[in-house]
Amino acid sequence: MNDGSSAPSPAAPPAAPPVRAPERPAQLSSVELLRGQRLVEIAHNGEIYRLQATRQGKLILTK
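This section reports on the structure supplied with the text. Once a new chain begins, its residue numbering starts again from 1 and follows that chain's sequence as written. Per-residue local features of the predicted model are confined to residues with pLDDT of at least 70, and side-chain atom pairs are confined, for both listing and counting, to 80 or more; whole-chain, interface and lining totals are unaffected and use all residues. For side-chain calculations, the full set of non-hydrogen atoms in the structure is used, while hydrogens and water are omitted.

**Regarding the overall build of the protein**
Next up, step 1: Each helix is a run of DSSP H or I of at least 4 residues and each strand a run of E of at least 2, with the numbering of both proceeding from the N terminus. From N to C terminus, the protein includes one helix and three strands.
Next up, step 2: Its helices and strands taken in sequence order, the protein reads α-β-β-β from the N to the C terminus.
Next up, step 3: Each residue's exposure class comes from its accessible area (1.4 Å probe, protein chains only) as a fraction of the maximum for that residue type: buried when under 20%, exposed when over 50%, partly exposed otherwise. Per-residue burial for the protein yields a buried fraction of 8% across its 63 residues.
Next up, step 4: By the convention used here, residues are in contact when the closest approach between their heavy atoms is within 4.5 Å. Here the analysis covers contacts within the protein between residues at least 6 apart in sequence; of these, 5% occur between residues at least 24 apart.
Next up, step 5: With an accessible surface of roughly 6,500 Å², the protein has 55% of that area assigned to carbon and sulfur atoms. Under the convention used here, a 1.4 Å probe and the Shrake-Rupley method define accessible areas, while residue burial counts only the protein chains that appear.

Encoded structure:
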């Protein structure tokens, strides 16, 4: 028997949040890091790392 009422329709799934482009990481130039030196020490999590510029223009990071 049909009394005119219908079963409620299932709820629509929630809308997905808008997609955002990933943020770009901060960029520092080697000139800023080295400050005219060929070697700097970087303290990170209680450890000291050395960043060195080579004569060929490469960078070497060592612990």
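That shown, we press on.
**Re the pairing of strand E1 (residues 39-44)**
Every regular strand shows the same layout, with side chains that alternate between the two sheet faces.
Next up, step 1: Taken together, the six bridges between E1 and strand E2 (residues 47-53) define a ladder with antiparallel strand orientation. Paired with isoleucine 42 across the two strands is tyrosine 49, which belongs to E2.
Next up, step 2: DSSP calls a pair of strands paired once it identifies at least 2 bridges connecting them. Here E1 folds back onto E2, and the loop between the two strands holds two residues, one of which, asparagine 45, carries a positive phi near 50°.

**Overview of the sheet that holds E2**
Next up, step 1: Taking strand neighbours across the sheet as the criterion, the three strands line up as E1-E2-E3 in an open arrangement whose pairing is antiparallel. In the strand order of this sheet, the two ends are held by E1 and strand E3 (59-62), each with one partner. Geometrically, the sheet is characterised by an average inter-axis angle of 20° between neighbouring strands, direction not taken into account.
Next up, step 2: Pairing geometry for E2 and E3, over four bridges, is antiparallel. Bridged to leucine 51 within E3 is leucine 61. Structural elements are reduced to axes, namely lines fitted to C-alpha atoms, with helices fitted over the stretch in contact, and the angle between N-to-C directions of any two is expressed from 0 to 180 degrees.

**Notes on the environment of leucine 39**
Next up, step 1: With respect to the helices, strands and loops of the structure, leucine 39 is situated in strand E1.
Next up, step 2: On the accessibility criterion, leucine 39 (35% relative accessible area) is partly exposed.
Next up, step 3: As for leucine 39 and alanine 53, which are separated by 14 residues in sequence, their C-alpha atoms are 6.5 Å apart.
Next up, step 4: Not counting chain neighbours up to four residues away, the residues in contact with leucine 39 comprise Leu34, Arg50, Leu51 and Gln52.

Interpretation note: all reported values are geometric properties and have no functional meaning in isolation.
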